[in-house]
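Examination of the molecular architecture
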Amino acid sequence: MYDTQKRVALAKERIAKSRRRQARRSIRSLSALCALLFLSLLGTVGTVQSQPMDAAGMYGAILLHEGVGGYVLEAVISFTAAVVLTALYIKFRKRKQIA
């Protein structure tokens, strides 16, 4: 039999392991969702750019007029990369604090 301190230490270790597993699972699912969203945006931009647009009267669609869609796509990709880097930074910072 283990004494109380050993049992508490083992319980804390199992809890930490479970939290790490859950965090990894949620990161994987969010990454898959982000990739799916990114691919759908690529498909949408490709479809929109191949069609001629009359942007008169469409407020947000003016950004996709005359080849500006590449800049919009670049902004979305940059934002996605920034979110990923921020999430990784927070993850590693928390890991450093725990250890």
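The paragraphs below set out a description of the structure included in this document.

The rules behind these values
Residues numbered from 1 in each chain as written. Predicted model: local features only at pLDDT ≥ 70, side-chain atom pairs only at ≥ 80, totals over all residues. Heavy atoms only, no water. Helix = DSSP H or I, 4+ residues; strand = E, 2+ residues; numbered from the N terminus. Buried < 20%, exposed > 50% of the residue type's maximum accessible area, 1.4 Å probe, protein only. Areas by Shrake-Rupley, 256 points an atom, 1.4 Å probe, with all protein chains shown as cover. Patch = residues over 30% accessible without salt bridge, like charges linked within 9 Å, V, L, I, M, F, W, Y side chains within 5 Å. Salt bridge = Lys/Arg side-chain N within 4 Å of Asp/Glu carboxyl O. Lys, Arg positive; Asp, Glu negative; His and termini not counted. Charge placed at Lys NZ, Arg CZ, Asp CG, Glu CD.

Moving on: the overall build of the chain. Assigned secondary structure in the chain consists of two helices and zero strands. A burial count over the chain gives 6% of its 99 residues as buried. Of the roughly 8600 Å² that the chain leaves accessible, carbon and sulfur atoms contribute 65%.

Here the focus is a positive patch on the surface. Taken together, Lys-17, Arg-20, Arg-21, Arg-24, Arg-25, Arg-28 and Arg-95 make up a surface patch of like positive charges. Broken down by element, the positive patch gets its largest block of residues, six residues, from helix H1 (residues 4-50). Mapped onto the elements of the fold, Lys-17 is located in helix H1.

A separate point is a nonpolar patch on the surface. Nonpolar side chains collect at one region of the surface, where Val-84, Leu-85, Leu-88 and Phe-92 lie side by side and expose about 370 Å² of accessible area between them. Secondary-structure assignment places Leu-85 in helix H2 (residues 69-98). A relative accessible area of 59% means that Leu-85 is categorised as exposed.

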